[in-house]
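# Examining the three-dimensional arrangement
The primary structure of each chain is shown beneath.
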There are 2 protein chains.
Amino acid sequence: MFIRKPAAQAAALSTGLIALLFSGLALAKPPKPKPKLLTTAEVIQQSPNSDWRDLDPQNTLAMELPQGQVLIELAPRFAPKHVANIRKLAQQGFYNGLAIVRVQDNFVTQWGDPNGDEPAKARGLGAAAAKLPAEFSIAYRGLPLTRMTETDGWAQVTGFVDGFPVAANPKQNKAWLAHCYGMVGAGRNEAADSSTGAELYAIIGQAPRALDRNITVVGRVLKGMDLLASLPRGGPNMGFYELPEQRVEIKSARLLADIPAEERPALQVLRTDSKSWSQILDARRNRGGWYVHNPGRTELCGGPPPTRPVKAAG
Amino acid sequence: MFIRKPAAQAAALSTGLIALLFSGLALAKPPKPKPKLLTTAEVIQQSPNSDWRDLDPQNTLAMELPQGQVLIELAPRFAPKHVANIRKLAQQGFYNGLAIVRVQDNFVTQWGDPNGDEPAKARGLGAAAAKLPAEFSIAYRGLPLTRMTETDGWAQVTGFVDGFPVAANPKQNKAWLAHCYGMVGAGRNEAADSSTGAELYAIIGQAPRALDRNITVVGRVLKGMDLLASLPRGGPNMGFYELPEQRVEIKSARLLADIPAEERPALQVLRTDSKSWSQILDARRNRGGWYVHNPGRTELCGGPPPTRPVKAAG
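Read on for an overview of the structure. For clarity, every value in this text was computed on a predicted model and none was experimentally measured.

## Thoughts on the overall build of chain A
Looking only at helices and strands, chain A has 6 helices and 17 strands in total. Put simply, chain A has 314 residues, and 56% of those count as buried.

Printed below as a string of structure tokens:
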């Protein structure tokens, strides 16, 4: 007995439902036969290579944990100063030997320097900046947004840019990365401008959208969310591990650019400005097969664009 | 360095913000001073005992895993036949020795009989029904709904009944339990009426609201989500564990009514028809302190009502 995974199992809109949709329209002539909607799996299978992009070695961080590799795609368009700082920190080996220090259920997994709050013991940031401006939002106008039709009450406008989920307020001319599952942000203290990228977190539960525009989001996990989300939860103090031995060591965190080409993970990501991505959103909206009730919608945090192994050249 | 937990850290609406809210109103006389909004922690601390309820021994299932205890509150108002069946199964010891068979990241943890799909090997349901009607929704009219002001695009009406998150369509006179984090449903096959309660799942990621009205929801996890959500993820076949040794044994699952009174977990749940719950939702809507941008809203899946240890009588 099973229940179906929406994204993987999204099925074609049934003929009956298409008939129902058209019955509300007073058409002068019978509609052209509609192409059958594809499932997510079919979209991926049929997608042209041009709908996929390679990982940018300057914008992808590979973090090695005892449990395996976590890949993080950085978002320089949204947080240029934080991303530049994270690059410097990674190049200096700053994260190597640091640890996952906090796992709070249905909220975040967080990593950094366990001694970060004790100046005498804290690891120095070296050539990276110790102070950065908050990067909570950018200008909405001019943004190459692939807009969604759905809104969710959290923002007037939703869509995708560079593979990331984006919310926006056009009147204020502001756009920002949404705190969906798997998004990565830079921890901060009370001061809005107290994050540097030395301490990072990933969302591991229901999207905590109240954080949007309150903290700098720097990217998202491309691979390895299953590792970050299945770690033992910490204690009642916001999920911080109470004992040093509970922490999970970060063996290393390097930019792909600093890893020999032949050792880099060979992954591609579906472009969110592609027709294939738009077809996947349609597959999520229109469910057949196992589904009795067609939801007719999806949402901004309904799941990131898929990845695939790089195909052998041929 | 840290980021704040929204629910735990919700703080008072700042005086400045109150001034801003009032500046838009042309009032004939100055407004009465507004009472300071309480944080979630303050609401819980100040809540009267009458805002809390005890666990109902007939509606609470205690499932023992090697990792610890999981408590599930059943929802007889929404799924009376499934809940009655689950009670019978538990009383017969049906779940004892079965297993968690599937953990799919950002989706579900699922448990039941690993041999459930092989009639020759499957454990018999005994006095429980092998066939039940689907219980996807109930009548909206007459439901004692504590309504939320927020909508999220998934339903016209949202709110809480008996501690559960509820969505509704008044025109269709239908209400249903929403698939928020921690909600528990009854796995089914292709046929809408193929669930019995012998196989159950809990949501461990972003609320998969496309499942709403497609499967029978039977309750929610009151305690132990940290255990269910931190299990190792299964393989690419929808998260099903591929090897028997990956499965997590269910040592037992019993109704509290079938456990000696002195061994029952001593927990109370905040009533969702209480003033305290309404104050917690307000605290989630209005954030001060660490927050720079006040979200001004919360959502149906923004977190369940809190629990507390039963206070010593006196």
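## Looking at the environment of Asn96(B)
Residues and elements named next belong to chain B. Considering the arrangement of structural elements, one finds Asn-96 in the loop between helix H4 (80–91) and strand S4 (99–104). Note on Asn-96: relative accessible area 27%, which makes it partly exposed. Taking C-alpha positions, Asn-96 is 9.9 Å from Asp-113, a pair spaced 17 residues apart along the chain. Excluding residues that lie within four positions of it along the chain, Asn-96 makes contacts with Arg-123, Ile-250, Lys-251, Ser-252 and Ala-253.

## Considering empty space enclosed by the protein
A complete count under the given rule lists 3 cavities of 30 Å³ or more for this structure. Estimates place the volume of the largest cavity at around 170 Å³. Lining the largest cavity are 16 residues, and of these Trp154(A), Gln206(A), Glu299(A), Gln206(B) and Glu299(B) sit closest to its centre. Here the lining of the largest cavity is composed, by residue class, of 8 nonpolar, 2 polar and 6 charged.

## Re the pattern of salt bridges
Throughout the structure, instances matching the rule amount to 21 salt bridges over all chains. A salt bridge links Asp273(B) to Arg271(B); the shortest N-O distance between them is 3.0 Å. Take Asp273(B): its relative accessible area is 52%, and that puts it in the exposed class. Via salt bridges that share partners, Arg53(A), Glu73(A) and Arg220(A) belong to a single interconnected network.

Cut-offs applied
Residues numbered from 1 in each chain as written. Chains lettered and ligands numbered in written order. Predicted model: local features only at pLDDT ≥ 70, side-chain atom pairs only at ≥ 80, totals over all residues. Heavy atoms only, no water. Helix = DSSP H or I, 4+ residues; strand = E, 2+ residues; numbered from the N terminus. Buried < 20%, exposed > 50% of the residue type's maximum accessible area, 1.4 Å probe, protein only. Contact = heavy atoms within 4.5 Å. 1 Å grid on protein atoms, 1.4 Å probe; cavity = no way out; pocket = protein on both sides within 12 Å on 5 of 7 lines; lining within 4 Å. Points joined across faces, edges and corners; volume = space filled by probe spheres on them. Nonpolar A, V, L, I, M, F, W, Y, C, P; charged D, E, K, R; others polar. Salt bridge = Lys/Arg side-chain N within 4 Å of Asp/Glu carboxyl O.

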